[in-house]
Amino acid sequence: MKTAHTAKRTTIAALAAFLALGTALPAFSADTLTVFDWSGYEDPAFHPAYTEKHGGSPDFSFFGDEEEAFQKLRSGFKADLAHPCAQSIVKWREAGLLEPLDTSRLAAWNDILPAFKGMKNLMTSDDGTAWFLPFEWGNTVLTYRTDTVKPEEIASLRAFADPKFKDRVSIGDNVDDAYALASLAIGVKDWASLTDAQFEEASAFLREVHKNVRLYWTDNTDLSQALASGEVDLAWAWNETATTLQAESQPVAIKKDTKEGLSTWVCGYSRLRGGEGSADLAYDYLNAVTDPGIAAYMVESWGYGQSNAKGMAAVDPKILADKGYADVDAFVANTLFQAPIPTELRQKMIAEFEKIKSGY
């Protein structure tokens, strides 16, 4: 990690040296790029073309969830690109945080999977303006230790609220995943259509789950450690968790065939209004992460799908089958798609989830 104080001292020393020599200071260079991202996505294997072209990765700053990112940006934090997910795009756009994308500079724009192209208010707004480039997609799914939990005990997502799992559960400190779980548990797969009564029912379910929660995870590393150590036995987790733990021979599996199904999400990149870095570098980065050559690594090492249809088509069929991506239609069947939702409903979810986590 960079140390801000060290960087500041170095800058002051350099300024002093220039002034002492009577040398004119150079003009500020915009040849920088700052990406505001989830932890882990700084992985250079996601953007090798960028690294090869520019001799290194861009600068990264990280957030724990999208609401944290939203509030930080609203308060004046500056970056050039951010990595929101589908359910946040409308809110971020309406708040004036996003800069339109020039699709003529996006090599993969026309190769994005049709399911994402057709999603209302995702890649473009109603007037055709482009705001969001999908990058990765996957599930939030019931994940469990196979040595302590029997498959028949978790046939339903309501297992998260079963008293037998008291202090053995972990769900994300993430309002979207939480309400995806709750919506599924009460039988709703189109969460944008939640009625007031259904919202109350979903919130009541989360209050029951809260009684069992040992850990609200914010980072996959924390959750993986909790599952590996046996601190928790049952989690509502992303594909990455089981993929990384299975690679370490941990007794962990995912259960996609619960009665109520699972949640599917898509995340990607947007340009941020007011970014002070280079637009050329921003488009180089966007093209690097959506290069079809990234798909195999993303599927095999992270358990996620890439948004580029050509990339997914080129992945070894055995790897796709092993990770559950052989049939995309089947992958998203019996799922709640975390599509964009009305800003007012999302604000209600955020406020209520904070109360639930506090025990109210």
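Residues numbered from 1 in each chain as written. Predicted model: local features only at pLDDT ≥ 70, side-chain atom pairs only at ≥ 80, totals over all residues. Heavy atoms only, no water.

Caption draft 1: Molecular detail of the nonpolar core. Within the largest apolar cluster, 72 residues are counted, with the highest numbers of intra-cluster contacts made by Phe116 and Tyr285. The greatest single-element share of this core, amounting to 7 residues, is contributed by helix α10 (residues 279–289). Excluding its chain neighbours within four sequence positions, the residues that come into contact with tyrosine 285 are Leu33, Val35, Asp37, Tyr41, His47, Tyr50, Pro58, Phe60, Leu81 and Tyr269. Core analysis: the second largest hydrophobic core is formed by 40 residues, Leu157, Ala161, Ala182 and Leu336 among them. (Core = buried A, V, L, I, M, F, W, Y, C linked by side-chain atoms within 4.5 Å. Buried < 20%, exposed > 50% of the residue type's maximum accessible area, 1.4 Å probe, protein only. Helix = DSSP H or I, 4+ residues; strand = E, 2+ residues; numbered from the N terminus. Contact = heavy atoms within 4.5 Å.)

Caption draft 2: Local environment of the side chain of threonine 241. Within the secondary structure, threonine 241 is located in helix α9 (residues 239–247). Overall, threonine 241 belongs to the buried group, its relative accessible area being 0%. Setting aside chain neighbours within four positions, we find threonine 241 in contact with Asn220, Leu223, Ser224 and Leu227.

Caption draft 3: Structural view of empty space enclosed by the protein. The final tally for this structure, using the stated rule, is 2 cavities of 30 Å³ or more. Mapped onto the lining of the largest cavity, the elements with two or more residues apiece are α6 (175–185) and β10 (262–272). Of the residues in the lining of the largest cavity, the class split is 7 nonpolar, 3 polar and 4 charged. For the second largest cavity, the calculated volume is near 40 Å³. Lining the second largest cavity, in full, are Trp38, Gly64, Asp65, Gly172, Asp173, Asn174, Trp217, Thr218 and Trp238. Its residues assigned to classes, the lining of the second largest cavity shows 3 nonpolar, 4 polar and 2 charged. (1 Å grid on protein atoms, 1.4 Å probe; cavity = no way out; pocket = protein on both sides within 12 Å on 5 of 7 lines; lining within 4 Å. Points joined across faces, edges and corners; volume = space filled by probe spheres on them. Nonpolar A, V, L, I, M, F, W, Y, C, P; charged D, E, K, R; others polar.)

Caption draft 4: Geometry of the environment of proline 58. Within the element layout of this structure, proline 58 appears in the loop between α2 (48–54) and β2 (59–63). By relative accessible area, which is 8% here, proline 58 ends up buried. Along the chain, proline 58 and threonine 34 lie 24 residues apart, while their C-alpha atoms are 6.0 Å from each other. Residue contacts for proline 58: discarding those within four places in its chain leaves Leu33, Val35, His47, Tyr50 and Tyr285.

Caption draft 5: Looking closely at the pattern of salt bridges. Tallied over the full model, the rule gives 20 salt bridges. Across the pair aspartate 176 and arginine 346 runs a salt bridge, and its minimum N-O distance is 2.7 Å. Remark: arginine 346 occurs in helix α15 (residues 343–357) and aspartate 176 occurs in helix α6; sequence separation between them is 170 residues. The exposure class assigned to arginine 346 is buried, which follows from its relative accessible area of 1%. Across the salt bridge formed by glutamate 231 and arginine 214, the nearest N and O atoms sit 3.3 Å from each other. (Salt bridge = Lys/Arg side-chain N within 4 Å of Asp/Glu carboxyl O.)

Caption draft 6: Spatial organisation of the packing of aromatic side chains. Scanning all chains against the criterion turns up 25 aromatic pairs. Here the aromatic rings of phenylalanine 60 and tyrosine 285 are separated by 6.2 Å at their centres, their planes lie at 70°, and the arrangement is edge-to-face. Here phenylalanine 60, found in strand β2, pairs with tyrosine 285, found in helix α10; they are 225 residues apart in sequence, far enough to count as distant. Between tryptophan 238 and tryptophan 265, the aromatic rings sit 6.4 Å apart at their centres with planes inclined by 65°, giving edge-to-face as the arrangement. Note that tryptophan 238 is positioned in strand β8 (residues 234–238) and tryptophan 265 in strand β10, a separation of 27 residues in sequence. (Phe/Tyr/Trp six-rings, centres within 6.5 Å; stacked < 30°, edge-to-face > 60°.)

Caption draft 7: Spotlight on the side chain of aspartate 80. The topology assignment puts aspartate 80 in the loop between α3 (66–74) and β3 (81–82). The buried charged residue aspartate 80 lacks any salt bridge partner; its closest oppositely charged side chain belongs to arginine 271, at an N-O distance of 6.7 Å. Polar side-chain contacts of aspartate 80 include one of 3.1 Å to the backbone nitrogen of glutamate 276. Reaching out from aspartate 80, the side chain makes a polar contact with the backbone nitrogen of glycine 277 at a distance of 2.7 Å. Apart from residues lying up to four places away in sequence, aspartate 80 is in contact with Thr32, Leu33, Thr34, Ser270, Arg271, Leu272, Gly275, Glu276 and Gly277. (Lys, Arg positive; Asp, Glu negative; His and termini not counted. Polar contact = N/O pair within 3.5 Å; in protein donor to acceptor, adjacent residues only side chain to side chain.)

By themselves, these figures tell us nothing about what the structure is for.
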